[in-house]
Amino acid sequence: MAEKLAEIKEKLARAEGEELEALIARYAADERAGARNLALQRQKQLERLEAERRRLEAMRFFEHQYEDLGLVCGIDEAGRGPLAGPVAAGAVILPKDCEILGLNDSKKLSAAKRDELYDEIREKAVAFGCGIVGPARIDEINILNATYEAMCEAIGSLKVMPDVLLNDAVTIPQVRIKQVAIVKGDAKSLSIAAASIIAKVTRDRMMEEYDDVYPEYGFAEHKGYGTAAHIEALKKYGPCPIHRRSFIKNFGF
């Protein structure tokens, strides 16, 4: 009796390695179009997985370059540009053999995918940390120095100290750990990409909480960035306690 297509699909899903290759070859030659389509789909799935693993390996270039020095930690920030809310920094040390499919620069991912990866990073990381610096401090010391402060806080919150920091484009003053500044590092380094997700998700969730406190500004939607809707609300209602006064001077505040 011929196997049902549902049985074939289950077999293809469970098999691995040489067994899977043999099954794909077998069903690719099946007289039934449905069986051939299942084999083709599984083959394409394998090809996508292999392409993703090659992409991830390319993003380990800097990690491989410095792994002989010890633990490598990625550093990145989120929220330097908004008119409101804190700046956040993430720090992540990933295991050498860590595989997190889909890990990429947080800006290239959907909010749902970032949330999914956020949980997986926290689960698989050797250590992770996040630093937060609020709007009052940003106004006091400027956004660049506040970003450095958040990064230092993120590093300090790690349960183990790294030997090398891979930073997204900056060198953090007064940090004695070896640092490597990588321009557009969140797209070139897995560790920095992971740190960008930790920072982005943490900050976005904070802005969603602020939206409950100050619903008239729409923080859950724009996360404090200077969208037209945000600027319109700012002009209508004036600034609230989480607005950065040094950022909104051009609007007369």
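Preceding block: the structure.
Model, not experiment: these values are computed from the prediction. (Residues numbered from 1 in each chain as written. Predicted model: local features only at pLDDT ≥ 70, side-chain atom pairs only at ≥ 80, totals over all residues. Heavy atoms only, no water.)

S.K.: Teacher, can you tell me more about the packing of aromatic side chains here?
M.R.: The description of an aromatic ring pair rests on the distance of the ring centres and on the angle between the ring planes. The full count for this structure, using the stated rule, is three aromatic pairs. For the pair Tyr217 and Phe219, a centre-to-centre distance of 5.4 Å together with 20 degrees between the ring planes defines the contact as stacked. The pair Tyr217 / Phe219 is uniform in exposure class, with both members buried. Summarising the aromatic geometry, the rings of Tyr217 and Tyr237 are spaced 6.1 Å apart at their centres and angled 70 degrees between planes, so their arrangement reads as edge-to-face. With Tyr217 in the loop between helix H8 (190-213) and helix H9 (219-222) and Tyr237 in helix H10 (residues 228-237), the pair connects residues that are 20 residues apart, well separated along the chain. Residue classification places Tyr217 among the buried residues on the basis of a relative accessible area of 4%. Of the residues examined, Tyr237 reaches a relative accessible area of 43% and is grouped as partly exposed. One aromatic cluster is present, formed by Tyr217, Phe219 and Tyr237 through successive ring pairs. A cation sits over an aromatic face here: Arg205 above Tyr118, 4.6 Å from the ring centre. Sitting above the plane of the Phe247 ring, Arg244 keeps its charged end 5.0 Å from the centroid. (Phe/Tyr/Trp six-rings, centres within 6.5 Å; stacked < 30°, edge-to-face > 60°. Buried < 20%, exposed > 50% of the residue type's maximum accessible area, 1.4 Å probe, protein only. Helix = DSSP H or I, 4+ residues; strand = E, 2+ residues; numbered from the N terminus. Lys NZ or Arg CZ within 6 Å of the ring centre and 35° of its normal.)

S.K.: What am I meant to see in the side chain of Lys223 here?
M.R.: Among the secondary structure elements, Lys223 is positioned in the loop between H9 and H10. Looking at Lys223, the relative accessible area reads 12%, which means it is buried. Only 2.4 Å separates the side chain of Lys223 from the backbone oxygen of Ala220, close enough to count as a polar contact. Apart from residues lying up to four places away in sequence, Lys223 is in contact with Pro82, Ala84, Arg203, Asp204, Met207 and Glu208. (Polar contact = N/O pair within 3.5 Å; in protein donor to acceptor, adjacent residues only side chain to side chain. Contact = heavy atoms within 4.5 Å.)

S.K.: Sorry if this is basic, but what is going on with the nonpolar core here?
M.R.: Judged by nonpolar contacts, the single largest core of 23 residues is most densely connected at Cys73, Ile75, Val87, Leu165 and Ile172. Counting only elements with at least two residues in this core, the list comes to strand S1 (72-78), strand S2 (87-93), strand S3 (127-133), helix H6 (135-141) and helix H7 (143-156). Of all the elements, H7 adds the most residues to this core, at seven residues. If sequence neighbours within four positions are ignored, Ile75 has contacts with Gly90, Ala91, Met151, Ile155, Leu165, Leu166, Asn167, Asp168, Ile172, Ile192 and Ala195. Judged by nonpolar contacts, the second largest core, of 19 residues, contains Cys98, Tyr118, Ala194 and Ala195. (Core = buried A, V, L, I, M, F, W, Y, C linked by side-chain atoms within 4.5 Å.)

S.K.: Looking at this model, I keep getting lost on the sheet that holds strand S4 (residues 164-168). Mind explaining?
M.R.: Backbone-to-backbone hydrogen bonds pair the strands of a sheet. The strands run either parallel or antiparallel. Spatial ordering of the open sheet is given by S3-S2-S1-S4-S5, a layout of five strands whose pairing is mixed. Across the chains shown, the open sheet's two edge strands, defined by having one partner strand only, are S3 and strand S5 (178-182). On average, adjacent strands in this sheet sit at an angle of 20 degrees to one another, irrespective of strand direction. Running at roughly 35 degrees to S1, H8 makes contact with S1, S2, S3, S4 and S5 of the sheet. (Pairing = 2+ DSSP bridges. Axes fitted to C-alpha atoms, helices over the stretch in contact; angles between N-to-C directions.)

S.K.: I'm lost on the pattern of salt bridges in this one. Help?
M.R.: Note on pairing: side chains with opposite charge can pair once their charged atoms come close. Inspection of the entire model under this criterion finds 18 salt bridges. For Glu3, the salt bridge identified is with Lys11, shortest N-O distance 2.5 Å. Note on Glu3: relative accessible area 17%, which makes it buried. Between Asp105 and Lys107 there is a salt bridge; the shortest N-O distance is 3.2 Å. Accessibility expressed as a relative area gives 65% for Lys107, which makes it exposed. Here the salt bridges share partners, and the residues they tie into one network are Glu3, Lys11 and Arg26. (Salt bridge = Lys/Arg side-chain N within 4 Å of Asp/Glu carboxyl O.)

S.K.: Quick question: what am I supposed to make of the packing of helix H5 (residues 111-124) against H8 here?
M.R.: When two helices pack together, their arrangement is captured by the angle between the axes and the distance separating the axes. Two elements in contact, H5 and H8, have axes separated by 9 Å at closest approach and are oriented at 120 degrees. By the angle between their directions, the pair H5 and H8 is classed as oblique. The handedness of the crossing between H5 and H8 is left-handed. Across from Arg114, Asp115, Leu117, Tyr118, Ile121 and Arg122 in H5, the residues of H8 making contact are Ala194, Ile197, Ile198, Lys200, Val201, Thr202, Asp204 and Arg205. Considering only residue class, the contact of H5 with H8 consists of seven nonpolar, one polar and six charged. (Parallel < 35°, antiparallel > 145°, perpendicular 65-115°, else oblique. Left-handed = near helix turned anticlockwise from the far one by under 90°. Nonpolar A, V, L, I, M, F, W, Y, C, P; charged D, E, K, R; others polar.)

S.K.: Sorry, what's going on with the environment of Glu57 here?
M.R.: Considering the arrangement of structural elements, one finds Glu57 in helix H3 (residues 33-58). Placed 132 residues apart in sequence, Glu57 and Ser189 show a C-alpha to C-alpha distance of 9.7 Å. Here the side chain of Glu57 touches His64 through a polar contact of 2.8 Å, side chain to side chain.

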